[in-house]
Amino acid sequence: PPLKVQATHPDCSVVLYFQEQEAECLEIIRSESQTPAPPGLPGQQGCLTEWDGVSCWSAVPVGQSRAVTCPDILHVFKKSKAMIWRNCTESGWSFPSPPYYNACELEAVGSNNDTEAKASYFVTMKVLYTCGYSTSLAALFLAIGIFSCFRKLHCTRNSIHIHFFTSFILRGAAVFIKDTILFSDESVDHCTMSTVNCKAAIAFFQYSVLANFYWLLVEGMYLQTLLLLTFTSDRRYIWWYILIGWGVPMLTVCIWVVTRLQYDNHGCWDDYTSLYWWVIKAPILLAIFVNFLIFLNVTRMLAQKIRSPDISKNYKQQYMRLTKSTLLLIPLFGVHYVVFALFPEHIGVDARLYFELVLGSYQGFLVALLYCFLNGEVQAEIKRNWGKWQSSMESNVFNLATQDFTA
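About the cut-offs
- Residues numbered from 1 in each chain as written.
- Predicted model: local features only at pLDDT ≥ 70, side-chain atom pairs only at ≥ 80, totals over all residues.
- Heavy atoms only, no water.
- UniProt positions renumbered as here; feature names shortened; annotations may be inferred.
- Helix = DSSP H or I, 4+ residues; strand = E, 2+ residues; numbered from the N terminus.
- Buried < 20%, exposed > 50% of the residue type's maximum accessible area, 1.4 Å probe, protein only.
- Pairing = 2+ DSSP bridges.
- Phe/Tyr/Trp six-rings, centres within 6.5 Å; stacked < 30°, edge-to-face > 60°.
- Lys NZ or Arg CZ within 6 Å of the ring centre and 35° of its normal.
- Axes fitted to C-alpha atoms, helices over the stretch in contact; angles between N-to-C directions.
- Parallel < 35°, antiparallel > 145°, perpendicular 65-115°, else oblique.
- Left-handed = near helix turned anticlockwise from the far one by under 90°.
- Contact = heavy atoms within 4.5 Å.
- Nonpolar A, V, L, I, M, F, W, Y, C, P; charged D, E, K, R; others polar.
- Patch = residues over 30% accessible without salt bridge, like charges linked within 9 Å, V, L, I, M, F, W, Y side chains within 5 Å.
- Areas by Shrake-Rupley, 256 points an atom, 1.4 Å probe, with all protein chains shown as cover.
- Salt bridge = Lys/Arg side-chain N within 4 Å of Asp/Glu carboxyl O.
- Disulfide = S-S within 2.5 Å.
- Polar contact = N/O pair within 3.5 Å; in protein donor to acceptor, adjacent residues only side chain to side chain.

A. Looking closely at the UniProt feature "transmembrane region" (unreviewed entry) in the protein chain. When the UniProt feature table is mapped onto this chain numbering, "transmembrane region" (unreviewed entry) sits at residues 127-148, 160-177, 213-231, 238-258, 278-298, 326-347 and 353-374. Segment residues 353-374 splits into 91% helix and 0% strand. End C-alpha atoms: 29 Å apart.

Below is the structure:
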């Protein structure tokens, strides 16, 4: 059978370690109960295999002893050569000598105050990113409504913006769905949680994150194409953009799901120490790297066009308007991800959580602000329609007043 790779959170490693040891010990006990007693153990003249909650003690005859070492768990117990002994007496197993708490010295851990402070920290983080995603979702839905309602704003550029906004909406929804499934019941053991709903929520979350990065890549590709084509027809490229923005993440997540099912179908798939996490991580890093190259190339082309004496002032302003939002977003989205990608997942956890959860939750609002609410074309269209609506209302009021007067 294929090798199963089990990657777990460090906090869950202790729980899973003892569960595995207990399962192995219970299997030995079960097999012993189904086979005749060995010559050295006639009837009950000995101590049977026993699991004491920490170690598995193999069967021995009366009068003999067994010795075990401290559990070998990294960052939990200090490495010690001390042995724990138990004697087999006529009354059964004796108590461990020396006791575990004397023989096995624990690594330094935080106090209760530290634990309470950590719990409070995570609660605060959850409140912050919940507010952030809620604000982003409201702004993104409003921005999509604006682009959809005004006919003059219907174009390829704004169609790509709508897809980009939708990827942020999916990402925010995926976070709320994941929290609901994973953390709705405090009695659930998250270290061993391995339900279909849990895995589906994680897969949907990974898809939304991938789609988010690849629609940012599409924004950069479209901007570069626009500068190269000098405002010629670009509708023929829209289906290629859709294929890249939605299709590549779908293909990647499908490969990841099949790989996890085949080789690492363990837990809730929300661990980032697994070797197969690179199936998701590598395409994201590729999208960021390509976007960075586009960022450099667009900056170069923009500088050339602005300096060109053949470009009118209006065209220069149009180039600046089209590029400023995307040029701001590309480094904003990618820099922190690249920095953290160079270090293992357990390094800089607090900073990683702050950037990815708290600041990341407001990225949707920032995108809606740059691409829609601060867009001069959108503002002009809203003012024009607002003026038309006010004129229409004033005209209706005047007509009603005239009708009342003539009547």
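B. Spatial organisation of the pairing of strand 6 (residues 83-89). Residue alternation in strand 6 divides its side chains into a buried set, Ile84, Arg86 and Cys88, and an unburied set, Met83, Trp85, Asn87 and Thr89. Pairing geometry for strand 5 (residues 65-69) and strand 6, over 5 bridges, is antiparallel. Bridging from a neighbouring strand, Val68 pairs with Ile84 of strand 6. Relative to strand 7 (residues 92-93), strand 6 runs antiparallel, the two being bridged by 2 bridges. Each bridged residue has a counterpart across the sheet, and for Thr89 the counterpart in strand 7 is Gly92.

C. Representation of the packing of aromatic side chains within the structure. Scanning all chains against the criterion turns up 12 aromatic pairs. For the pair Tyr129 and Tyr133, a centre-to-centre distance of 6.3 Å together with 80 degrees between the ring planes defines the contact as edge-to-face. On the criterion of helical spacing, the pair formed by Tyr129 and Tyr133 is a turn pair, its members being 4 residues apart in helix 3 (residues 112-149). For Tyr133, a relative accessible area of 5% corresponds to the buried category. Residues Tyr133 and Phe176 carry aromatic rings whose centres are separated by 6.2 Å and whose planes lie at 75 degrees to one another, so their mutual orientation is edge-to-face. Taken together, the residues span a long stretch of sequence, with Tyr133 in helix 3 and Phe176 in helix 4 (residues 156-183) at a distance of 43 residues. What makes Phe176 partly exposed here is its relative accessible area of 25%. Grouped by ring-pair contacts, the aromatic residues Tyr129, Tyr133 and Phe176 constitute a single cluster. When the ring centre of Trp57 is taken as origin, the NZ or CZ atom of Arg86, which lies over that ring, is 5.2 Å away. The side chain of Lys178 reaches across the aromatic face of Phe205, ending 4.0 Å from its centre.

D. The packing of helix 4 against helix 5 (residues 196-229), seen in detail. Running from N to C, helix 4 and helix 5 cross one another at 160 degrees; their axes reach a closest spacing of 8 Å. Classified by the angle between their axes, helix 4 and helix 5 sit roughly antiparallel to one another. Both helix 4 and helix 5 take part in a crossing whose hand is left-handed.

E. How the structure looks around the packing of helix 5 against helix 6 (residues 238-263). Closest axis-to-axis distance for the helix 5/helix 6 pair is 8 Å, and the angle between their directions is 150 degrees. Here helix 6 runs roughly antiparallel to helix 5, going by the angle between their axes. The element helix 5 and its partner helix 6 pack so that their crossing is right-handed. For the pair formed by helix 5 and helix 6, the contact residues are Ile202, Ala203, Gln206, Tyr207, Leu210, Ala211, Tyr214, Trp215, Val218, Met221, Tyr222 and Thr225 on the first element and Tyr241, Ile242, Ile244, Gly245, Trp246, Val248, Pro249, Met250, Thr252, Val253, Trp256 and Val257 on the second. A per-class count over the contact of helix 5 with helix 6 returns 20 nonpolar, 4 polar and no charged.

F. Up close: unusual backbone geometry. Looking along the chain, the bond that leaves Ser97 and enters Pro98 is cis, with omega of -10 degrees. Structurally, Pro98 is set in the loop between strand 7 and helix 2 (100-103).

G. Region of the structure containing a nonpolar patch on the surface. A surface patch of nonpolar side chains, about 500 Å² in accessible area, is lined by Leu286, Phe289, Phe292, Leu293 and Leu296. Within the secondary structure layout, Leu293 lies in helix 7 (residues 278-307). Judged by its relative accessible area of 42%, Leu293 falls in the partly exposed class.

H. Looking closely at the state of the cysteines. By the definition in use, this model includes 3 disulfides. What pairs with Cys25 in a disulfide is Cys56, and their sulfur atoms sit 2.1 Å apart. Its S-S torsion of approximately 75 degrees makes the covalent link between Cys25 and Cys56 right-handed. Within this pair, whereas Cys25 is found in helix 1 (residues 10-33), its partner Cys56 is found in strand 3 (residues 56-57), the two being separated by 31 residues in sequence. Owing to a relative accessible area of 26%, Cys56 belongs among the partly exposed residues under this scheme. A disulfide bridge connects Cys47 with Cys88, and the sulfur atoms are separated by 2.1 Å. Its torsion about the S-S bond being 100 degrees, the disulfide of Cys47 and Cys88 is classed as right-handed. Highlighted residues: Cys47 in strand 1 (residues 46-47) and Cys88 in strand 6, separated in sequence by 41 residues. The pair Cys47 / Cys88 is uniform in exposure class, with both members buried.

I. Focus on the sheet that holds strand 5. The strand order across the open sheet built from 3 strands is 5-6-7, with neighbouring strands paired in antiparallel fashion. Unpaired on one side and paired on the other, strand 5 and strand 7 mark the two borders of the sheet.

J. Spotlight on the side chain of Thr49. Its location among the elements puts Thr49 in the loop between strand 1 and strand 2 (50-51). Residue classification places Thr49 among the buried residues on the basis of a relative accessible area of 7%. A distance of 2.7 Å separates the side chain of Thr49 from the side chain of Glu32, its partner in a polar contact. A polar side-chain atom of Thr49 sits 3.2 Å from the main-chain amide nitrogen of Ala59.

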